[in-house]
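Next come the chains, spelled out residue by residue.
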Amino acid sequence: MWLQQRLKGLPGLLSSSWARRLLLLLALLLVAYWALGAARARRGLGRGAEPRGAAALCLQAATGAWRAQAERGDALPLPLPEEAAGGGGGAPGPGLALAGNGFLLLDVAAGRLWVSAAGPGGGGPVLATEYPALVRLRALGGRGEARAALAALRDGAVRRVRCVQTGPGGGAGDCVTVREEVVAHRSRPHLYLQRIRIANPTERVAAFEASAPSSASSLGGRFATSLEKVEERQFLLSSGRLLLAGSPKVVLMVVAAKKLVSRVQVAPKSHFDETVLSVVYTSEPIEVSRLEETFSKLREAAKKEMLEVMQMGVEDLFQEHQQTWSDLFISGIEMRKITDSHTPSSETVNMTLYYVLSSMPAPLLDPLISGEDREKMEASLNYADHCFSGHATMHAENLWPAKLTSITQILQLSDLWKLTLQKRGCKGLVAAGVHGLMQGMVLSFGGLQFTENHLQFQADPDVLHNSYSLRGIHYNKDLINLAVLLDAEGKPFLHVSVKFQDKPVRLYACEAGCMNEPVELTSEARGHTFPVMVTQPITPLLYISTDLIHLQDLRHTLHLKAILAHEEHMAKQYPGLPFLFWFSVASLITLFHLFLFKLIYNEYCGPGAKPLFRSKV
């Protein structure tokens, strides 16, 4: 009866002006929530709105395998130029379409080339050039386009896909697909390649206008270009100069590039494949009086290497480059579970590794390096004594930035990494170039340090709530994988596995304090697990060495006050407020709600209760 009386008073409630306003506000909030949810649902991989039309359907089919590569950490979706500038409909990605090898850097989206003035060895200024580095294809008669770009981290390449709608139909079969792959060859520092593949499944001829590198209109008066014919092969040879700010000296640059037709036509139901090879040579900063002599040497060097690579198979060049990049990524960092906002994401870590490695030279791949220098670099790479000293860099936001949008930012980040590693005992790794820098970044991320007799893992025990793995850590000629994992209860533990590269060597490991007998590490797939123990005072969480006696003696030299399990350590670090405080708060909350309930009951249900709604008579 009480409920019926209250429901009868509902029309009286709606007659009130404040009630109508409240209902209107609730309706507006529901509409806004629905609109936001629909917008989120339309988003694809987080790079923009869900595509529509024939070109977009074609693009979805052409890039179907990219999502799986990105989820594995092997690729990084890139923003389109309009998205990177803030004009895209979706959220722009954090990366830049960069291909580099330490001597050459290619901003693929802008088609701009950067070169090192000191040659492949690095160490000199990196200069932006006005040379149009890449072939641009403009579709003739296209009705619409859709584009996507990806950085293939393990292949060291930037891949782009364009789908051009050429017919009036709405299906993907009315589109022409243009695929591009750009690489700066890792083991041939003067060479970069642009592979173009056009697939035309339609019934019409597809035509494209190509603005090739070294064309007279694109170079203007900045470069002088000539057509070279050597041994029945021809290519374009461009020469120019780069100015140094605040210096009377200049840097000379010579580019040999394969000649491409200005108009590309693809017959119906056919394909077009072309790879543009470009060889770049630069001088050190020189006086103006040495222009002719230096230009002559650079032209001869560029022509010689151009003839060499033109005689090789294109697939062999790509395979050679990809193998070198794959060897680099034997080492790396994998983020598995992140539980806080200040730990870099897997995407951020992979992006930083790719960009820093792209801007570093590879002296170990230089065939002209002396045997003594090579042995010194390899020794430093296999056992980086005293590297990395200091706390881990995992939470250093300036070393693992969430977004990089220009070549200048990437060069500054690379310089910061080199400086950080040099100051933390890793000068030998920095001197080893790209291979050493990869090792230094992996060691620094988790706080790993080589000492005279062992490798120690000295991460802060208070930040082990994140799960990650460090792979390919060089220990002599073997590779060690170390992971911080969480069990079902969220407690951290360490997992170690070894991949022997040469004849098996005995490796031993023990947890913090080394109170237990060291465990011999093997190459078993399941690896070995160690509990996270925290000592007082704080010492490394894990020790790895080839010397069993050293680890057995280590327990007597640490002079510890106590050894705690990780959960005991955390409970002491963050004991929380005392019980009496929480009991007082809970009592006050309970008393307040009891008092409030009594007031409401007396008002509406007690003797002389007032009606909840007033009905109009």
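Treat the numbers as computed from the prediction; the structure is a model and nothing was measured.

A. Seen up close, the state of the cysteines. All chains considered together, the criterion is met by two disulfides. In this model cysteine 510 forms its disulfide with cysteine 514; the gap between the sulfur atoms is 1.7 Å. Taking only the cysteines that form disulfides and numbering them from first to last, the protein chain has the pattern 1-2, 3-4.

B. Examining the pairing of strand S7 (residues 144–152) more closely. As judged from the four bridges shared by strand S1 (residues 75–78) and S7, these two strands associate in the antiparallel manner. Each bridged residue has a counterpart across the sheet, and for leucine 76 the counterpart in S7 is alanine 151. Here nine bridges tie S7 to strand S8 (residues 157–165), and the two strands are oriented antiparallel to one another. Residue pairing for S8: alanine 146 is matched across the bridge by cysteine 163. In this structure, the hairpin formed by S7 and S8 is closed by a connection of four residues, where glycine 156 is found at a positive phi of approximately 60 degrees.

C. Layout of the layout of surface pockets. In this structure, the second largest pocket spans a volume of roughly 550 Å³. Along the wall of the second largest pocket there are 22 residues; nearest its centre are Pro120, Pro189, His190, Asp366 and Pro367. Looking at the lining of the second largest pocket, the elements that each hand over two or more residues are strand S16 (270–282) and helix H8 (291–311). Of all the elements, H8 adds the most residues to the lining of the second largest pocket, at four residues.

D. Geometry of the sheet that holds strand S14 (residues 250–258). Across the sheet, which stays open at both edges, the nine strands sit in the order S1-S7-S8-S9-S10-S16-S14-S13-S12 with antiparallel pairing between neighbours. At either end of the open sheet lies a strand with only one pairing partner, and these are S1 and strand S12 (223–230). Taking each pair of neighbouring strands and ignoring which way they run, the sheet shows an average axis angle of 20 degrees. Two strands pair when backbone bridges link them, and strand S9 (residues 175–184) and strand S10 (residues 191–200) are joined in this way by eight bridges, in the antiparallel orientation. Paired with valine 182 across the strands is glutamine 194, a residue of S10. Here helix H9 (residues 314–328) sits on the sheet in contact with S8, S9, S10 and S16, set at roughly 120 degrees to S10.

E. Spatial organisation of the sheet that holds strand S23 (residues 507–511). Taken together, five strands build an open sheet; the order of strands is S18-S19-S27-S23-S24 and the sheet is antiparallel. In the strand order of this sheet, the two ends are held by strand S18 (448–450) and strand S24 (519–521), each with one partner. Taking each pair of neighbouring strands and ignoring which way they run, the sheet shows an average axis angle of 25 degrees. Examined bridge by bridge, S23 and strand S27 (residues 542–545) share four bridges and lie antiparallel to one another. Within the sheet, the bridge partner assigned to cysteine 510 lies in S27 and is tyrosine 543.

F. Looking closely at the nonpolar core. Tyr355 and Phe457 are the most contacted members of the largest nonpolar core, which has 100 residues in total. Core analysis: the second largest hydrophobic core is formed by 24 residues, Val250, Ala256, Val279 and Met310 among them.

G. A look at a nonpolar patch on the surface. The grouping of Leu25, Leu26 and Leu29 at the surface amounts to a nonpolar patch, some 290 Å² of accessible area in total. For leucine 29, a relative accessible area of 51% corresponds to the exposed category.

H. Fine view of the side chain of threonine 177. Relative to the helices and strands, threonine 177 is located in strand S9. Excluding residues within four positions of it along the chain, threonine 177 makes contact with Cys58, Ala62, Val161, Arg162, Cys163, Arg197, Ile198 and Ala199.

I. Examining the confidence of the model for the protein chain more closely. In the predicted model, the protein chain carries a mean pLDDT of 84, and 83% of its residues have values of at least 70. Every residue in residues 41–51 is under pLDDT 50, and counting partners more than four places away or in other chains gives 24 contacts. In this model residues 83–93 is a low-confidence stretch, pLDDT under 50, and it forms 20 contacts with partners more than four residues away in sequence or in other chains.

J. Region of the structure containing the pattern of salt bridges. Under the definition given, this model contains 25 salt bridges. Put simply, arginine 154 and aspartate 74 hold a salt bridge, and the shortest N to O gap is 2.7 Å. Taken together, the positions of arginine 154 in the loop between S7 and S8 and aspartate 74 in the loop between helix H5 (66–72) and S1 put the pair 80 residues apart, joining distant regions of the chain. Note on arginine 154: relative accessible area 31%, which makes it partly exposed.

K. Expanded view of a negative patch on the surface. Residues Glu372, Asp373, Glu375 and Glu378 make up a contiguous surface patch of negative charge. Position of glutamate 375 among the secondary structure elements: in helix H11 (residues 371–382). Given the relative accessible area of 58%, glutamate 375 is considered exposed.

What counts and what doesn't
- Residues numbered from 1 in each chain as written.
- Predicted model: local features only at pLDDT ≥ 70, side-chain atom pairs only at ≥ 80, totals over all residues.
- Heavy atoms only, no water.
- Disulfide = S-S within 2.5 Å.
- Pairing = 2+ DSSP bridges.
- Helix = DSSP H or I, 4+ residues; strand = E, 2+ residues; numbered from the N terminus.
- 1 Å grid on protein atoms, 1.4 Å probe; cavity = no way out; pocket = protein on both sides within 12 Å on 5 of 7 lines; lining within 4 Å.
- Points joined across faces, edges and corners; volume = space filled by probe spheres on them.
- Axes fitted to C-alpha atoms, helices over the stretch in contact; angles between N-to-C directions.
- Contact = heavy atoms within 4.5 Å.
- Core = buried A, V, L, I, M, F, W, Y, C linked by side-chain atoms within 4.5 Å.
- Buried < 20%, exposed > 50% of the residue type's maximum accessible area, 1.4 Å probe, protein only.
- Patch = residues over 30% accessible without salt bridge, like charges linked within 9 Å, V, L, I, M, F, W, Y side chains within 5 Å.
- Areas by Shrake-Rupley, 256 points an atom, 1.4 Å probe, with all protein chains shown as cover.
- Salt bridge = Lys/Arg side-chain N within 4 Å of Asp/Glu carboxyl O.
- pLDDT = per-residue confidence, 0-100.
- Lys, Arg positive; Asp, Glu negative; His and termini not counted.
- Charge placed at Lys NZ, Arg CZ, Asp CG, Glu CD.

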